[in-house]
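Examining the three-dimensional arrangement
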Amino acid sequence: MHIATKEIDVRYAETDQMGVVYHANYLIWMELGRTKLIEELGFRYADMEKEGILSPVIDIHVSYKKPVRYGEKAYVHTWIEQYDGIRVVYGYEIVREDNEIAIVGTSKHVCVKRDNFRPISIKRYFPEWHEAYMKAKKQEK
């Protein structure tokens, strides 16, 4: 299984009144991790979008474990949890600099045509992505 790691320097603007990272910012960090994974596999979302294909989030789950604070570093670990040629589930773990887990989560995506939002087969439209995802995904038990 391929796991990408994206380092995040926590900025003041990402924290809330309690001095911890505001919960919605973890979703942005998950997107950064997902983009990093895709780049490490040799692809770019922008190239997919040039072909008229979008990849919306259709489901997301996040479990918050420990807070991250301003001035700290966080590390977003991202991998392909599930992939069936049409839907992709990315797995995430955001870890604090002391190696404590801050969040665990998943996001589910489907690729759709921009003009009508009809799902497409990644396997058919982007065979190189399909092969890379098959190789990189979490092995079934």
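Residues numbered from 1 in each chain as written. Predicted model: local features only at pLDDT ≥ 70, side-chain atom pairs only at ≥ 80, totals over all residues. Heavy atoms only, no water.

Turning our attention to unusual backbone geometry. Despite not being glycine, Asn99 shows a phi value in the positive range, around 75°. Its location among the elements puts Asn99 in the loop between β5 (87–96) and β6 (101–110). Look at Phe117: it is not a glycine, yet its phi comes out positive at around 60°. With respect to the helices and strands, Phe117 occurs in the loop between β7 (112–113) and α3 (122–125). (Helix = DSSP H or I, 4+ residues; strand = E, 2+ residues; numbered from the N terminus.)

With that settled, the discussion passes to the nonpolar core. Residues Trp29, Ile80, Tyr90, Ile94 and Tyr133 are the most contacted members of the largest nonpolar core, which totals 33 residues. Of all the secondary structure elements, the ones that give two or more residues to this core are β1 (4–9), α1 (25–40), α2 (45–50), β4 (73–83), β5, β6 and α4 (127–136). (Core = buried A, V, L, I, M, F, W, Y, C linked by side-chain atoms within 4.5 Å. Buried < 20%, exposed > 50% of the residue type's maximum accessible area, 1.4 Å probe, protein only.)

This part takes up the packing of aromatic side chains. A full pass over the atoms with the stated rule returns 9 aromatic pairs. Between Tyr90 and Tyr133, the ring centres sit 6.3 Å apart and the planes meet at 80°, which makes this aromatic pair edge-to-face. In this pair, Tyr90 sits in strand β5 while Tyr133 sits in helix α4, placing the two residues 43 residues apart along the sequence. Its relative accessible area of 2% is what places Tyr90 among the buried residues. Note on Tyr125 and Phe126: the rings are 6.5 Å apart at their centroids and 45° apart in plane angle, and the pair reads as tilted. On the basis of relative accessibility, which here comes to 39%, the residue Tyr125 falls in the partly exposed class. An aromatic cluster is present here, built from Phe43, Tyr83, Tyr90, Tyr125, Phe126, Trp129 and Tyr133 joined pairwise through their rings. (Phe/Tyr/Trp six-rings, centres within 6.5 Å; stacked < 30°, edge-to-face > 60°.)

Turning to α1, a few remarks are in order. Taking 1.5 Å per residue as the helical rise, α1 with its 16 residues ought to reach 22 Å, and the 23 Å between its terminal C-alpha atoms agrees with that figure. Listed in full, the buried residues belonging to α1 are Asn25, Tyr26, Trp29, Met30, Gly33, Arg34, Leu37 and Ile38. Taken from the residues just after α1, Gly42 is the one with a positive phi, measuring 100°. (Expected span 1.5 Å × (residues − 1).)

Within the secondary structure, Val104 sits in strand β6. When the C-alpha atoms of Val104 and Gly85 are compared, they prove to be 24 Å apart, with 19 residues separating the residues in sequence. Excluding its chain neighbours within four sequence positions, the residues that come into contact with Val104 are His61, Val62, Ser63, Lys65, Tyr92 and Glu93. (Contact = heavy atoms within 4.5 Å.)

What follows concerns the environment of Leu41. The topology assignment puts Leu41 in the loop between α1 and α2. Filtering out sequence-adjacent residues up to four positions away, Leu41 remains in contact with His2, Ile80, Ala132, Tyr133 and Ala136.

A few words now on a nonpolar patch on the surface. A cluster of nonpolar side chains, contributed by Leu27, Val57 and Ile60, occupies part of the molecular surface with about 220 Å² of accessible area. With respect to the helices and strands, the residue Ile60 is situated in strand β3 (residues 57–64). (Patch = residues over 30% accessible without salt bridge, like charges linked within 9 Å, V, L, I, M, F, W, Y side chains within 5 Å. Areas by Shrake-Rupley, 256 points an atom, 1.4 Å probe, with all protein chains shown as cover. Salt bridge = Lys/Arg side-chain N within 4 Å of Asp/Glu carboxyl O.)

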